[in-house]
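Remarks on the overall topology
So you can see what is in the structure, the chains are spelled out below.
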Amino acid sequence: MSQAWTTIESDPGVFTELIEKIGVRGVQVEELWSVDKDALEPLKPIYGLIFLFKWRKETDNRPIADDTVGNVFFAHQVIPNACATQAILSILLNSPTLELGPELSTFKEFADQLPPDMKGELISNSEVIRAVHNSFARPDPLLLEEDKDDKEGEAFHFIAYVPKGDALYELDGLKPGPIRLATLQPGADWLDAVAPAIQERMARYATSEIRFNLMAIVGDKRASLTQQLEAKQKQRDAITAHLSGKDSGAREAGLSPEQLADPAALQGLLPHIEAEMTHLQDELQDEHEKKE
């Protein structure tokens, strides 16, 4: 029999640390206030969305997709309080480009061809996943009871939105299977398809005064900021070397022939590059402090 799972705090920092403790690298969790393109673009790559809401009984007549074995990784939630970690796993285990680490890689290889109920049992019985989950226990757990009317108390639930193959799915461990929300055309941005579904749900819950929260699993901003900073440093060093008459590698640093032919313009670029580097260094420092 599975040991108890505790409720964990719905916090991007907690979820980021949980993912790192499981062994996955190169991602973090960010809270979202909007699904508009302007809000999402700076966070890319976005691997999936996590939606937290105050749970209540409701009828859902949407058809279940027959993609539960060998395509979409979908697991039933078979134990209370596991829905936060299960939503996170739904995204991680359906993202083909992520470095899952040894624990999740082995887990996925073993569970991939199993039906949803057995996948759920494997998650609930994983000592590593359960121990990591329980290490973030909150002091005032709110249990999710499927037969409990939400008027009697507050219960919260997590679900995931994730692209897989040519489709966008909603993954809710309390449902029989994945919900196929949209077919994705080649080259299409899955975020364009998920935005209407999220907006509809948010509008419906806002009208009903149901509390909700939205987060995204995204690429590690520290890695992105470091790459941007290194590119700016390379550009600055190339300009400085070129102005000194040295072989600078300026073309590789993204400087055009027109720029290279105008020393005054190059000299004028340096203060702007330094300012951008300072801004990137500040952002990078902020991200490191969030992780401490």
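All values derive from a computational prediction rather than experimental measurement. (Residues numbered from 1 in each chain as written. Predicted model: local features only at pLDDT ≥ 70, side-chain atom pairs only at ≥ 80, totals over all residues. Heavy atoms only, no water.)

In terms of regular secondary structure, the protein is built from ten helices and six strands. For the protein, the proportion of its 292 residues judged to be buried stands at 45%. Within the protein, counting contacts between residues at least 6 apart in sequence, those at least 24 apart form 75% of the total. (Helix = DSSP H or I, 4+ residues; strand = E, 2+ residues; numbered from the N terminus. Buried < 20%, exposed > 50% of the residue type's maximum accessible area, 1.4 Å probe, protein only. Contact = heavy atoms within 4.5 Å.)

Moving on, we get to the packing of aromatic side chains. Aromatic ring pairs: the centre-centre distance and the angle between the two ring planes describe each pair. Taken as a whole and judged by the stated rule, the model has four aromatic pairs. Each ring, one from Phe51 and one from Phe53, has its centre 5.9 Å from the other, and the planes form 40°; the classification is tilted. A single burial state applies to Phe51 and to Phe53, both of which are buried. Ring geometry for Phe73 and Phe107: centres 6.2 Å apart, planes at 50°, overall tilted. (Phe/Tyr/Trp six-rings, centres within 6.5 Å; stacked < 30°, edge-to-face > 60°.)

Counting buried positions over the eight residues of strand β6 (residues 212-219) gives seven, a clear majority of the element. Of the pairings in the sheet, the one linking strand β1 (residues 27-32) to β6 comprises six bridges and is antiparallel in character. Paired with Leu32 across the strands is Leu214, a residue of β6. As judged from the seven bridges shared by strand β2 (residues 46-54) and β6, these two strands associate in the antiparallel manner. Within β6, the residue paired with Phe53 across the bridge is Phe212. (Pairing = 2+ DSSP bridges.)

Looking at helix α6 (residues 127-134), one finds that the buried residues are Ile129, Arg130, Val132 and His133. One face of α6 carries all of its buried residues, which in axial projection span an arc of 165°. Summarising the contacts, the buried residues of α6 are in contact with α1 (12-22), α3 (83-92), α4 (101-111) and α5 (116-125). (Arc of directions from axis to C-beta.)

This part covers the nonpolar core. Among the nonpolar cores identified, the biggest contains 47 residues, and Phe15, Leu92, Leu104 and Ile217 are the most heavily contacted of them. If you tally residues by element for this core, the top one is α3, at seven residues. With near-sequence residues (within four places) excluded, Ile217 lies in contact with Ile19, Val27, Gln28, Val29, Pro45, Ile46, Tyr47, Gly48, Ile50, Ile88, Ile91 and Leu92. Formed by 22 residues, the second largest nonpolar core is a distinct cluster that contains Leu32, Phe53, Leu184 and Trp190. (Core = buried A, V, L, I, M, F, W, Y, C linked by side-chain atoms within 4.5 Å.)

With that settled, the discussion passes to the sheet that holds β6. Reading across from one edge, β1-β6-β2-β3-β4-β5 is the order of the six strands in this open sheet, with antiparallel pairing throughout. One side of each edge strand has no neighbouring strand; the edge strands of this open sheet are β1 and β5 (179-183). If you compare each strand with its neighbour and ignore which way they point, the axes differ by 20° on average. (Axes fitted to C-alpha atoms, helices over the stretch in contact; angles between N-to-C directions.)

As a further point, take the packing of α4 against α5. Interaxial distance between α4 and α5 falls to 11 Å at its minimum, and their mutual angle equals 150°. In terms of their interaxial angle, α4 and α5 are classed as roughly antiparallel. Regarding α4 and α5, the two cross each other, and that crossing is right-handed. Counted together, Phe107, Phe110 and Ala111 of α4 and Lys119, Leu122 and Ile123 of α5 form the full contact between these two elements. Partitioned by chemical class, the residues of the contact of α4 with α5 number five nonpolar, no polar and one charged. (Parallel < 35°, antiparallel > 145°, perpendicular 65-115°, else oblique. Left-handed = near helix turned anticlockwise from the far one by under 90°. Nonpolar A, V, L, I, M, F, W, Y, C, P; charged D, E, K, R; others polar.)

Below, the discussion takes up the confidence of the model for the protein. Per-residue pLDDT for the protein has a mean of 86; in total, 89% of the residues score no lower than 70. Per-residue pLDDT stays below 50 along residues 141-153; that stretch engages in 27 contacts with residues further than four places along the chain or on separate chains. (pLDDT = per-residue confidence, 0-100.)

A few words now on the pattern of salt bridges. If you walk through the whole model with that rule in mind, you get 14 salt bridges. Between Asp189 and Lys44 there is a salt bridge, and its shortest N-O distance comes to 2.7 Å. Of this pair, Asp189 sits in the loop between β5 and α7 (190-207) while Lys44 sits in the loop between α2 (37-40) and β2, and the two are 145 residues apart along the sequence. What makes Asp189 partly exposed here is its relative accessible area of 22%. In this structure Lys44 comes out as partly exposed when scored by relative accessible area, which is 35%. Across the salt bridge formed by Arg62 and Glu170, the nearest N and O atoms sit 2.9 Å from each other. Remark: Glu170 occurs in strand β4 (residues 167-171) and Arg62 occurs in the loop between β2 and α3; sequence separation between them is 108 residues. (Salt bridge = Lys/Arg side-chain N within 4 Å of Asp/Glu carboxyl O.)

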